[in-house]
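# Geometric and topological summary
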Amino acid sequence: MTTRVRIAVNGRKRMRRPRVPEGYTGSVVLWAWPATTARELLCRPLRHAVELISREVARIDGAYFRSFVDFASSGAVEEEGLVPTADDAAEAPPHTGIDVDSLLTIPFTGLDFGCGPHFFFRPGCGPAPVAGAIYVLKSFEGDGSVDAYVPLFSRAMDAFKKCCYYTSCRR
């Protein structure tokens, strides 16, 4: 069985010709979908997962974004009657996939609301965790480390612990 992770890829730094206009405030995001089997993830070193993700994210380059923009503006979307596939999170059914949102380039630590330095940040995930969402951002420790927020329902904690502490590979 194949498992995959959806990773948002920011096109602002990838698109060179033409560049995204400075004043444009909309999203410039496409998805990378690294995929493998659960067995591969469990049986191979962590380096394998890192390489798999890095390779798939690197594939979503400036040419890929340009191709997407060209297709979207070609009239084919209307001609073919294509519709968006991204559902509203509130209406999306629960799934077993993972959705990783990297907030590494957002300067949360530099924000000052006049009450001293920040010491905690929680990504806005609404009144309840979003199934499968992981948020990655720079640690407030300032030492170059990264924090990952993995919102879970309490009923999923035991399964999550088993995944984190799984040590053997059954063939």
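Here the residue numbers are simple positions, counted from 1 along each chain's written sequence. Owing to the predicted nature of the model, reporting of local features is limited to residues with pLDDT of at least 70; listing and counting of side-chain atom pairs is limited to 80 or more, with chain, interface and lining totals taken over all residues. The side-chain figures draw on all heavy atoms in the structure; neither hydrogens nor water molecules are used.

Quick note on the threshold: UniProt positions are given in the numbering used here, feature names are shortened, and annotations may be inferred rather than shown by experiment.
Quoted verbatim from the Sequence similarities (unreviewed entry) field of UniProt, the annotation for the protein is "Belongs to the plant acyltransferase family."

### Remarks on the overall build of the protein
Inclusion rule: Helix numbering and strand numbering both begin at the N terminus, where a helix is a DSSP run of H or I of at least 4 residues and a strand a DSSP run of E of at least 2. Exposure is judged per residue with a 1.4 Å probe applied to protein chains only, and the accessible area is read against the type maximum: over 50% gives exposed, under 20% gives buried, and values in between give partly exposed. Throughout, the Shrake-Rupley method with a 1.4 Å probe supplies accessible areas, and for residues the shown protein chains are the sole cover considered.
Within the protein one finds five helices and six strands. Going from the N terminus to the C terminus, the protein shows its helices and strands as β-β-β-α-α-α-α-β-β-β-α. Taking all 171 residues of the protein together, 20% fall into the buried category. Total accessible area on the protein stands at roughly 13,100 Å², and carbon and sulfur atoms take up 58% of it.

### Description of the confidence of the model for the protein
The criterion, for reference: Think of pLDDT as the predictor's per-residue confidence, scored from 0 to 100. Whether two residues touch is decided by their heavy atoms; if any such pair falls within 4.5 Å, the residues are in contact.
Per-residue confidence for the protein gives a mean pLDDT of 77; residues scoring 70 or more make up 75%. The spread of mean pLDDT over the elements of the protein runs between strand S4 (residues 98–102), the lowest at 74, and helix H2 (residues 46–59), the highest at 92. Considering only residues more than four positions removed or in separate chains, one finds that residues 88–94, a stretch of pLDDT under 50, has one contact.

### Notes on the pairing of strand S5 (residues 133–138)
As a reminder, the rule being used: Only strands joined by at least two bridges in the DSSP assignment are considered to pair.
Here S5 lies mainly inside the structure; five of its six residues are buried. Bridging between S5 and strand S6 (residues 146–149) involves four bridges; their strand directions are antiparallel. Within S6, the residue paired with tyrosine 135 across the bridge is tyrosine 149.

### Considering the pattern of salt bridges
Put simply, the test is: Any Lys or Arg side-chain nitrogen found within 4 Å of a carboxyl oxygen on Asp or Glu counts as a salt bridge.
Following the criterion strictly, the structure yields four salt bridges and no others. In this structure, the salt-bridge partner of glutamate 40 is arginine 44, at a minimum N-O distance of 3.2 Å. By relative accessible area, arginine 44 is classed as partly exposed at 41%. The salt bridge involving aspartate 70 is made with arginine 66; its shortest N-O contact spans 2.9 Å. Here aspartate 70 pairs with arginine 66, and both are found in helix H3 (residues 62–72), just four residues apart, close to one helical turn.

### Quick word on the environment of valine 29
Here valine 29 lies in strand S2 (residues 29–32). C-alpha separation for the pair valine 29 and arginine 12, spaced 17 residues apart in sequence, amounts to 8.3 Å. Leave out the neighbours within four places in its chain, and valine 29 touches Ala8, Val9 and Phe65.

### Focus: the nonpolar core
Operational definition: Buried Ala, Val, Leu, Ile, Met, Phe, Trp, Tyr and Cys residues form a nonpolar core when they are joined through side-chain atoms within 4.5 Å.
The biggest cluster of nonpolar side chains holds 14 residues, and the ones touching the most others in it are Ile7, Val9, Ala32, Ile60, Phe65 and Val100. Residue assignment for this core shows that the elements contributing at least two residues are strand S1 (2–10), S2 and S5. The leading source of residues in this core is S1, at three residues. Once you skip the residues sitting within four places of it in the chain, valine 9 turns out to touch Arg14, Val28, Val29, Leu30, Ala32, Val57, Ile60 and Phe65. One finds Ala133, Tyr135, Leu137 and Tyr149 within the second-largest nonpolar core, a separate group that totals five residues.

### Comments concerning the environment of valine 57
Take valine 57: it is sitting in helix H2. Among the residues examined, valine 57 registers a relative accessible area of 18% and is labelled buried. When the C-alpha positions of valine 57 and valine 9 are compared, they lie 6.8 Å apart, and in sequence the two are 48 residues distant. Apart from residues no more than four positions distant in its own chain, valine 57 is found in contact with Ile7, Val9, Arg14 and Ala32.

### Regarding the packing of aromatic side chains
Which entries qualify depends on this criterion: The aromatic pairing rule takes the rings of Phe, Tyr and Trp, using the six-membered ring of Trp, and pairs them if the centres are within 6.5 Å, calling planes under 30 degrees apart stacked, those over 60 edge-to-face and the rest tilted. As a reminder, the over-ring test applies to NZ of lysine and CZ of arginine, requiring each to be within 6 Å of the ring centre and within 35 degrees of the ring normal.
In the structure shown here, the tally under the stated rule is zero aromatic pairs. Sitting above the plane of the tryptophan 33 ring, arginine 4 keeps its charged end 3.8 Å from the centroid. The cationic tip of arginine 6 hangs over the ring face of tryptophan 31; the distance from NZ or CZ to the ring centre is 3.8 Å.

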